[in-house]
Amino acid sequence: MKITALGTNGWFDSQTGSTNCTLIQTDDFSIVLDAGYGIAKIKNRVDFSKPVYIFLTHLHLDHIIGLHVLDWFTFDQPLRIIAPAGGLEDLKDFMRRPFTTNWDQHPYAVELIDADDLSEQGFPFEVSALPLVHAVPDTGYRFVIEGKVVAFVLDTAFCDNAVKLAQNADFLITESGFLPEQGNPKTGHMDPAGAARLAREAGAKQVLLIHFGANVYDSIEKRSQAVETGRDIYPDLIMGVDQMEFIL
Ligand SMILES: [Zn+2]
Ligand SMILES: [Zn+2]
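What counts and how
- Residues numbered from 1 in each chain as written.
- Chains lettered and ligands numbered in written order.
- Predicted model: local features only at pLDDT ≥ 70, side-chain atom pairs only at ≥ 80, totals over all residues.
- Heavy atoms only, no water.
- Core = buried A, V, L, I, M, F, W, Y, C linked by side-chain atoms within 4.5 Å.
- Buried < 20%, exposed > 50% of the residue type's maximum accessible area, 1.4 Å probe, protein only.
- Helix = DSSP H or I, 4+ residues; strand = E, 2+ residues; numbered from the N terminus.
- Contact = heavy atoms within 4.5 Å.
- Donors = N, O, S within 2.8 Å, 3.2 Å for Na, K, Ca; no water.
- Tetrahedral: all angles 85-135°; square planar, octahedral: opposite > 155°, others 65-115°.
- Polar contact = N/O pair within 3.5 Å; in protein donor to acceptor, adjacent residues only side chain to side chain.
- Phe/Tyr/Trp six-rings, centres within 6.5 Å; stacked < 30°, edge-to-face > 60°.
- Lys NZ or Arg CZ within 6 Å of the ring centre and 35° of its normal.
- Pairing = 2+ DSSP bridges.
- Axes fitted to C-alpha atoms, helices over the stretch in contact; angles between N-to-C directions.

What follows covers the nonpolar core. In this structure, Val-153, Leu-172, Leu-198, Val-207, Leu-209 and Leu-237 are the most contacted members of the largest nonpolar core, which totals 29 residues. Breaking this core down by element, the ones donating at least two residues are strand 10 (148-153), helix 3 (160-166), helix 4 (192-202), strand 12 (206-210) and helix 5 (220-230). In terms of residues, this core owes the most to one element, helix 4, which gives five residues. Leu-198 has contacts with Val-153, Phe-158, Ala-162, Val-163, Ala-166, Leu-172, Thr-174 and Met-190, leaving out every residue within four places of it along the chain. In this structure, Leu-67, Ala-83, Phe-94 and Tyr-108 belong to the second largest nonpolar core, which totals 28 residues.

Here it is as structure tokens:
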């Protein structure tokens, strides 16, 4: 499978990149993790003849604003969008006029699913979900795809559920919303050291950091310096930048 970082910014788009979006591709389907404006980059990457699934962690705009771009794509199979647990009605309330096209009025079929209801969906992969710790309800995901575990743990303070989702993951995608000097308060973000602690406690094998808050990470160099502070705890932290690709 191929994993591509399409948007690695938190909060807003800037010269460092797009708001967050990560793409997982196999021969049979694509999974889009969060829908910031990075989702626009799936245009020339995804095989739209195959199923596409969009999983949303929460409804802060930097994670869903790219849903406004869905009109640009043509999905040959029903597009399935997984709302954060308990967030289905709020998602419907956003995916409607006058904000964007109504979710059920695209020229292709769209199905909205609540993350509380992931069993018996007939997905061609395993997925489980747990609540994380953020300013608003936030859902983390753990996938088993082609025998590999991929964990998606975004916009959260360090917490037990984050460790559970990332346990022995082959690939952990997590966040570094804060600078080292902002530390790891319980307001729902981590700095690189917090992410490194999560990676170490979970025993994750590869760890990609994204969601660098655009307000404080105004250059890639700042990301680089900050990520270095986490490498005492977990040496192999990977600093995400837009368009970075990984083959698992
Ligand atoms: Zn965010
Ligand atoms: Zn958020």
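Okay, the coordination of the zinc ion (ligand 1) next. Within the protein, the zinc ion (ligand 1) binds to Asp-62 (OD), His-63 (NE2), Asp-155 (OD) and His-211 (NE2); these donor distances fall in the range 2.1 to 2.4 Å. Relative to the metal, the four donor atoms surrounding the zinc ion (ligand 1) lie at angles of 84 to 169°, and the coordination shape comes out irregular. Of note, the donors binding the zinc ion (ligand 1) are all from one chain and are spaced D-H-x91-D-x55-H. The two metals, the zinc ion (ligand 1) and the zinc ion (ligand 2), are separated by 3.4 Å and share Asp-155 as a common coordinating residue.

Residues that lie three or four places apart on an α-helix share one face, since the helix turns once every 3.6 residues. Every buried residue of helix 4 is listed here: Pro-192, Gly-194, Ala-195, Ala-196, Leu-198, Ala-199 and Ala-202. On its buried face, helix 4 is in contact with strand 10, helix 3, strand 11 (171-175), strand 12 and helix 5. Its side-chain oxygen at 3.1 Å from the backbone nitrogen of Ala-193, Asp-191 defines the N-terminal cap of helix 4. Note on helix 4: the residue one or two positions beyond its end, Gly-203, has a positive phi of about 70°.

Quick look at the coordination of the zinc ion (ligand 2) now. Only His-58 (NE2), His-60 (ND1), His-134 (NE2) and Asp-155 (OD) from the protein reach the zinc ion (ligand 2) as donors, at distances of 2.1 to 2.2 Å. Donor residues for the zinc ion (ligand 2), ordered by position in the chain, follow H-x1-H-x73-H-x20-D. Residue classification places His-134 among the buried residues on the basis of a relative accessible area of 14%.

Evaluation of the coordinates by the stated rule reveals 19 aromatic pairs. Ring centres of Phe-55 and Phe-125 lie 6.0 Å apart, and the angle between their planes is 65°; on these two criteria the pair is classed as edge-to-face. You can see Phe-55 sitting in strand 5 (residues 52-55) and its partner Phe-125 sitting in the loop between strand 7 (110-114) and strand 8 (126-131), a full 70 residues away along the chain. The residues Phe-55 and Phe-125 share a single accessibility class, namely buried. Within the aromatic cluster, the residues linked to one another by ring pairs are Phe-29, Tyr-53, Phe-55, Phe-123, Phe-125, Tyr-141 and Phe-143. Over the ring of Phe-158 we find Arg-197, and its NZ or CZ is 3.7 Å from the ring centre.

The strand order across the open sheet formed by seven strands is 7-6-5-4-3-1-15, and the pairing between neighbours is mixed. In this open sheet, the two edge strands, each paired with only one partner strand, are strand 7 and strand 15 (245-247). The mean angle between the axes of side-by-side strands here comes to 20°, regardless of whether they run parallel or antiparallel. The pairing of strand 3 (residues 21-25) with strand 4 (residues 30-33) spans four bridges and is classified as antiparallel. The partner of Ile-24 across the bridge, within strand 4, is Ile-31.

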